[in-house]
Amino acid sequence: MSLLPELRYPTVTELIRSARALAAQRPGDCRLRRVGVSRAGRPLQVLSIGRARRAVLVVAGAHANEPAGGPAALAVARRVLAEPELRADTSWHFLLCADPDGASLHVTPAPRSLFDYHLGFFRPAGAEQPEWAPAMLPPDRLPPETRALTGLIDELRPYVQVTLHGTDLGGSWVQLTKDVPGIAEPFAKSAAELRIPVETGASDAAGWPAAGPGVHVMPAPGAGAAYPSMPDDARRSTWYHAHRHGGLTAVVEVPMWASDQVDDPAPHPAPAAAMGRLAGRLLRQSRAVDQVLADALPRLDGAGGPLLRAATWGLGLVPGLAADWIHTRPADDTRAYIGSVDAFSRRLPLRAAAMLLRVLRETDDRAAPRLERLVEAWSDSFAERFGARWVPLEHQIEHQARTVVAVALHARVRAD
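Values in this document were obtained by computation on a predicted structure and should not be read as measured data.

Colleague: How should I be thinking about the packing of helix H7 (residues 271–300) against helix H9 (residues 335–362) in this particular structure?
Modeller: Each pair of packed helices can be described by the angle between their axes along with the distance between the axes. One way to put it is that H7 packs onto H9 with a least axis distance of 10 Å and a crossing angle of 5°. Relative to H9, the element H7 is oriented roughly parallel.

Laid out in structure tokens, this is it:
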């Protein structure tokens, strides 16, 4: 399943260069500043437009493997500069990349297929992800990227924070920490115009109330989690930090490859049985990666660093997640939701295998060819099962940009 993208995702350096050019062109309206540094010393840069106290914060690059957010943030910035009414009494702030260290390790800016995408895949272990670290670490151990982000929220006190995320294969959806009435209509209209399916049963939002197709409102702190074993509780992430100042967070997801099988609201004929089968496959595939890791580990001699940590962390989630699926009643009984869990069950071992493969290739380990065959077969099977079709990069960017502006405008009415 292959389709060559006509554009490539910009690097963080290129994003900063573009932001600096904007600030130079419009010095009276824009400024670019550093708000912190990463663990490796890379700058965390924020582009700001306007100085009004009422603020919107847009966060890009929180996950290294979701590269559309950076160019989408710049697209919003250009629109704000072109439309004075958007900045009349509102300042806009764009964190260009929340995890530049992670972005430096995800090295497939223009993937031709899911296999290509996974050959350069990187997504840090949960505690190393800026937005998720507070759900897993005590305050005194938070990484500098997280501290910079929460400090920025405390400084700006945004009425809305919009964080730009993505998925490899599927549809688009929005997660809200508080309801934003009216957002479902412009979101759905944009997706339809750009031929991006709306994912109505996203497993990321399992059990959350829906404010419209593909628009989910997070449960309040204290509500039961759909997957009790998972450590990344969104209600303890930086998404909720905006609540300290009366604000809210919207998470906008957009796919790289679309599937037209993610929006079926029809009841699944046997959801519990299907969840059990998916759990079984998840366990089998993860064991296959575990076996390669166990064989190769004595030869790695400390190699791997963040890639190996992330692969091991992902594999460690599998037993608990499989048990959740087997022993917990499905949070949703639609075909869309079961399909989303199907995709999730494929991603977890595939991503672990892909990152381990990179480690084995770097060390020229004898197990690399065997693991590469698995990564290729699982990538192709994933694409075939969901009928993957590439979403043009300009459509990914445009859909996120439109949704950011729509959320900001509708949330402003709510804040007023």
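Further notes follow.
Colleague: Any chance you could explain the pairing of strand S9 (residues 248–258) here in plain terms?
Modeller: S9 sits mainly inside the fold: eleven of its eleven residues count as buried. Of the pairings in the sheet, the one linking strand S6 (residues 173–176) to S9 comprises four bridges and is antiparallel in character. By the bridge assignment, Val 174 is partnered in S9 with Val 252.

Colleague: So what exactly am I meant to see when it comes to the packing of aromatic side chains here?
Modeller: Geometry of an aromatic ring pair is reported as the spacing of the ring centres plus the angle between the planes. Considering all chains together, one arrives at nine aromatic pairs under this definition. Summarising the aromatic geometry, the rings of Tyr 117 and Phe 121 are spaced 5.7 Å apart at their centres and angled 70° between planes, so their arrangement reads as edge-to-face. For the pair Tyr 117 and Phe 121, a shared accessibility class is recorded, and that class is buried. Between Tyr 227 and Trp 325 the ring centres are 6.3 Å apart and the planes differ by 70°, which places this aromatic pair in the edge-to-face class. One end of the pair, Tyr 227, is in the loop between strand S8 (215–217) and S9; the other, Trp 325, is in helix H8 (residues 305–327), and 98 residues separate them in sequence. Overall, the relative accessible area of 2% leaves Trp 325 in the buried class. The ring of Phe 386 carries the charged tip of Arg 385 above its face, separated from the ring centre by 4.2 Å.

Colleague: What am I meant to see in the pattern of salt bridges here?
Modeller: Any two side chains of opposite charge can pair, so long as their charged atoms come close to each other. A complete count under the given rule lists 21 salt bridges for this structure. The partner of Glu 83 in a salt bridge is Arg 79, with the nearest N and O atoms 3.1 Å apart. Its relative accessible area of 25% is what places Glu 83 among the partly exposed residues. Across the pair Arg 309 and Glu 128 runs a salt bridge whose closest N-O atoms are separated by 2.8 Å. Residue Arg 309 is found in helix H8, and its partner Glu 128 is found in the loop between helix H4 (114–119) and helix H5 (144–156); the two are separated by 181 residues along the sequence. For Glu 128, a relative accessible area of 16% gives the class buried. A cluster of three or more residues bridged by salt bridges with shared partners is formed by Arg 281, Asp 342, Arg 346 and Arg 385.

Colleague: Please clarify how unusual backbone geometry should be interpreted in this entry.
Modeller: Among all residues save glycine, negative phi is the norm, and among peptide bonds the norm is trans. In this model, Asp 301 sits at a positive phi of 50°, which is unusual for a non-glycine residue. Along the chain, the position of Asp 301 falls in the loop between H7 and H8. Here Asp 364, not a glycine, exhibits a phi torsion of approximately 55°, which is positive. Structurally, Asp 364 is set in the loop between H9 and helix H10 (368–385). By relative accessible area, which is 69% here, Asp 364 ends up exposed.

Rules and cut-offs
- Residues numbered from 1 in each chain as written.
- Predicted model: local features only at pLDDT ≥ 70, side-chain atom pairs only at ≥ 80, totals over all residues.
- Heavy atoms only, no water.
- Axes fitted to C-alpha atoms, helices over the stretch in contact; angles between N-to-C directions.
- Helix = DSSP H or I, 4+ residues; strand = E, 2+ residues; numbered from the N terminus.
- Parallel < 35°, antiparallel > 145°, perpendicular 65-115°, else oblique.
- Buried < 20%, exposed > 50% of the residue type's maximum accessible area, 1.4 Å probe, protein only.
- Pairing = 2+ DSSP bridges.
- Phe/Tyr/Trp six-rings, centres within 6.5 Å; stacked < 30°, edge-to-face > 60°.
- Lys NZ or Arg CZ within 6 Å of the ring centre and 35° of its normal.
- Salt bridge = Lys/Arg side-chain N within 4 Å of Asp/Glu carboxyl O.

Read these as spatial facts, not as claims about activity.
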